Amino acid sequence: MRSQLVSVPKHIRVRTFTTTPVAQSWLGSIFGKNKNRITDKRREEIIAQQDEIAAKEKSIKIRHLTKENSPEFLKQLEESKVERSSLVKNWKSRNLAPSQLEETYNDKVQLQGIVQKVYKDVLILDLKASAKTDKPKFSDFTLVDEILTQVGGVERFEQYGLENLDLRFELVKKLQSSLGIELNDYTISKCHNLKDLYVEIENVVNTRWKWERNPNAIVLRKEDFTAPNIHLSEERTEQEKMAEYQKILQQMRAADLAHLEHVKTQEAS
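Residue indices begin from 1 for each chain and proceed along its sequence in written order. Local features in this predicted model are restricted to residues of pLDDT 70 or higher, and side-chain atom pairs are both shown and tallied only at a pLDDT of 80 or more, whereas totals for entire chains, interfaces and linings draw on every residue. Side-chain measures were taken over the full set of non-hydrogen atoms in the model, leaving aside hydrogen atoms and water.

Asker: Explain the confidence of the model for the protein chain here, please?
Answerer: When pLDDT drops low, the exact placement of atoms in the prediction is not to be read closely. A residue's pLDDT is the predictor's confidence in that residue, given on a scale from 0 to 100. Per-residue confidence for the protein chain averages 77 on the pLDDT scale, and 71% of its residues sit at or above 70. Every helix listed is a DSSP run of H or I at least four residues long, and every strand listed is a run of E at least two residues long, numbered separately from the N terminus. No element of the protein chain has a lower mean pLDDT than helix H1 (residues 26-30), at 52, and none a higher one than helix H9 (residues 185-189), at 92.

Below is the structure:
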């Protein structure tokens, strides 16, 4: 066979094979490889410091959950560090559950007195704030004197207009805080005098509580059932039971003391 010489064109570059040294791990050097690089002394140092060398490598830390580092404990710890001056203060001076409104404000005369007092306080505060300028926002001394001396039913509230929006908003805010209720924007917008506002408040507080989502959230009374074969069992709460128990206990102790005093008096005579 005849060999043929193949000529390579000049525009084609010929690459030569190159080799690069690969750094081997020090573990291989411990067991006899690369003896020229690691001496016996160095090998002894590596064996003695193997824990420190392993610690330098990337490792996964496992967190052991305890009570001190649990999320709930850490959250409570952070909340305890908050200063009281930075806590948000409740804007209501009285907090009542919806089921407590009817029982709390069942006396209409008392409710009228609260509304009248808050209205008077709002006017007086406005007069005090504008004492230097003699230009109150929405009140005058004559109106305050009329409120202080006014007596009668809710019909007298009709003469006190709420056309001034500053007065209306300030009064509604104070009433909501004092009574522990909330009025929606539509109710506030249609109250043009104090009587209208009082009627809306009375509708809120004197409505029998119910909640459509909870079938048990309904208030039943004996007067609702006139049939003789229906009996309504009114179960007391634990607090009411304890209060009644303490009351009876005090009466028994007082009776025992009175009996002992009577016995001592008879023995002395």
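Asker: What should I look at first to understand the layout of surface pockets in this one?
Answerer: Rolled over the atoms, a probe with the dimensions of a water molecule shows which regions are left empty. Only protein atoms enter the 1 Å grid used here. Points where a 1.4 Å probe fits but cannot escape make up a cavity, open sets with protein on both sides within 12 Å along at least five of seven lines make up a pocket, and a residue lines them when an atom lies within 4 Å of a point. Grid points are joined across faces, edges and corners, and a volume is the space filled by probe spheres set on the points. The volume enclosed by the largest pocket comes to roughly 830 Å³. Taken together, 19 residues form the lining of the largest pocket, with Glu103, Val219, Leu220, Glu235 and Glu240 sitting closest to its centre. At the level of secondary structure, the elements contributing two or more residues to the lining of the largest pocket comprise helix H5 (101-104) and helix H11 (238-268). Ten residues, namely Ala, Val, Leu, Ile, Met, Phe, Trp, Tyr, Cys and Pro, are considered nonpolar, four, namely Asp, Glu, Lys and Arg, are considered charged, and the remaining ones, Gly among them, are considered polar. A breakdown of the residues in the lining of the largest pocket according to their chemical character gives six nonpolar, six polar and seven charged.

Asker: Please clarify how the nonpolar core should be interpreted in this entry.
Answerer: Considering soluble globular proteins, one finds that nonpolar side chains tend to be buried as a cluster. Tyr119, Leu171, Leu194, Leu197 and Ile201 are the most contacted members of the largest nonpolar core, which has 26 residues in total. Sorting the residues of this core by element identifies helix H6 (108-129), helix H8 (165-179) and helix H10 (194-205) as the ones contributing at least two each. For this core, the leading source of residues is H6, giving six residues. Here, two residues are considered to be in contact whenever any of their heavy atoms come within 4.5 Å of each other. Ignoring anything within four residues of it in the chain, the contact list for isoleucine 201 reads Leu111, Val115, Leu175, Leu179, Ile181 and Leu183. Nonpolar cores are built from buried Ala, Val, Leu, Ile, Met, Phe, Trp, Tyr and Cys residues. Side-chain atoms within 4.5 Å join them into one set. Any residue under 20% of the maximum accessible area for its type is buried, any over 50% is exposed, and the rest in between are partly exposed; the area is computed with a 1.4 Å probe on protein chains only.

Asker: Is there a simple way to explain the packing of H6 against H8 in this structure?
Answerer: The packing of two helices is summarised by the inter-axis angle and the distance between the axes. Lines are fitted to the C-alpha atoms to define the axes, a helix being fitted only along its stretch in contact, and any angle between axes, read from their N-to-C directions, falls within 0 to 180 degrees. Where H6 contacts H8, the two axes come as close as 10 Å, and the packing angle between them is 130 degrees. Judged on the interaxial angle alone, H8 and H6 are oblique. Like other packed secondary-structure pairs, H6 and H8 cross with a definite hand, here right-handed. Taking contact as the criterion, the partners of Leu111, Ile114, Val115, Val118, Tyr119, Val122 and Leu123 in H6 are, on H8, Leu167, Glu170, Leu171, Lys174, Leu175, Ser178 and Leu179. For the contact of H6 with H8, the class distribution of residues is 11 nonpolar, one polar and two charged. Roughly parallel means an angle under 35 degrees; roughly antiparallel, over 145; roughly perpendicular, 65 to 115; everything else is oblique. By definition, turning the near helix anticlockwise from the far helix through less than a right angle yields a left-handed crossing, and turning it clockwise yields a right-handed one.

Asker: Could you clarify how one ought to interpret the packing of aromatic side chains in this entry?
Answerer: Pairing of aromatic rings covers Phe, Tyr and Trp, the last through its six-membered ring, and needs centres within 6.5 Å; plane angles under 30 degrees mean stacked, over 60 mean edge-to-face, and all others mean tilted. Using the criterion set out here, one finds two aromatic pairs in the structure. Each ring, one from phenylalanine 157 and one from tyrosine 198, has its centre 5.9 Å from the other, and the planes form 70 degrees; the classification is edge-to-face. Of the two residues, phenylalanine 157 sits in the loop between helix H7 (141-149) and H8 while tyrosine 198 sits in helix H10, which places them 41 residues apart along the sequence. Judged on exposure class, the residue phenylalanine 157 and its partner tyrosine 198 are both buried.

Asker: I keep staring at the pattern of salt bridges and nothing clicks. Help me out?
Answerer: A side chain of one charge can pair with a side chain of the opposite charge when the charged atoms of the two come close. Every case where a carboxyl oxygen of Asp or Glu lies within 4 Å of a side-chain nitrogen of Lys or Arg is listed as a salt bridge. Under the criterion given, the structure shown has six salt bridges. In this structure, the salt-bridge partner of lysine 108 is glutamate 202, at a minimum N-O distance of 3.2 Å. With lysine 108 in helix H6 and glutamate 202 in helix H10, the pair connects residues that are 94 residues apart, well separated along the chain. Judged by relative accessible area, which is 43%, lysine 108 ranks as partly exposed. Glutamate 170 is paired through a salt bridge with lysine 173; the nearest N and O atoms lie 3.7 Å apart.

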